[in-house]
Amino acid sequence: MRRALIFLAIPLVVAACGGSKSTDSTTATAKLPTQKQFVAAANAVCVRSDRAIYMLGRLTIAPAGWAKTAAAARRAVADMKKVTPSAGKDAAFQQLLAEGRKLATGIQRVHDALAKKNYAQARTAQDAATAADTAIHRQAQKLGFTFCQQLLTNWPA
């Protein structure tokens, strides 16, 4: 199974759209990427994060894998924050990033609970992370992302 970090993770507080302080909206809009460029940039983040997660291997009840996955999720969210949304997509993209942060936090909470051998708490944290991951998939679809709709590669069933 594959799950996107960004936003998983991915896993998605984005860089300001356009660096100009001009009040001319046509100047600011002209600096925004096209929808195609936006989707390509976001999909690239998801591909990189998915590969990083895949390299970590399958998650088990051992906390170490969850710690590495949480770190990868945080990196993916940071990378996604560098993507500039196309015109009219900022609010939806900010929601994707918020869900990405929830996912990364949830994965970290799974790790923390497993480290304490609190398996019930780990399951609850995993359920919360799964809910964030599902929200990421929905947001990614709304934004037109294709790869970011995949399941996490190391997520236990």
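Up top you'll find the structure we're talking about.
Fair warning: this is a prediction, and the values are worked out from it, not measured in the lab.

1. A closer look at the pattern of salt bridges
Using the criterion set out here, one finds three salt bridges in the structure. One salt bridge in this structure joins R123 and D127, with 3.9 Å as the shortest N-O distance. Of this pair, R123 and D127 both sit in helix 6 (residues 119-143), four residues apart, which is roughly one turn of the helix.

2. Points about the nonpolar core
Counting residues in each nonpolar core, the largest one holds 29 residues, and the members touching the most others are M80, F93, L96, I107 and F145. Where this core is concerned, the elements lending two or more residues are helix 3 (35-56), helix 4 (63-81), helix 5 (90-115) and helix 6. No other element matches helix 5, which puts nine residues into this core.

3. Some details on the packing of helix 4 against helix 5
Two numbers describe how helix 4 lies on helix 5: the axes approach to 8 Å, and their chain directions differ by 165 degrees. Judged by the inter-axis angle, helix 4 sits roughly antiparallel to helix 5. Crossing of helix 4 against helix 5: the hand is left-handed. Contacts from P63, W66, A67, T69, A70, A73, R74, V77, M80 and K81 of helix 4 reach helix 5 at F93, L97, G100, R101, A104, I107, Q108, V110, H111, L114 and A115.

Conventions and cut-offs
Residues numbered from 1 in each chain as written. Predicted model: local features only at pLDDT ≥ 70, side-chain atom pairs only at ≥ 80, totals over all residues. Heavy atoms only, no water. Salt bridge = Lys/Arg side-chain N within 4 Å of Asp/Glu carboxyl O. Helix = DSSP H or I, 4+ residues; strand = E, 2+ residues; numbered from the N terminus. Core = buried A, V, L, I, M, F, W, Y, C linked by side-chain atoms within 4.5 Å. Buried < 20%, exposed > 50% of the residue type's maximum accessible area, 1.4 Å probe, protein only. Axes fitted to C-alpha atoms, helices over the stretch in contact; angles between N-to-C directions. Parallel < 35°, antiparallel > 145°, perpendicular 65-115°, else oblique. Left-handed = near helix turned anticlockwise from the far one by under 90°. Contact = heavy atoms within 4.5 Å.

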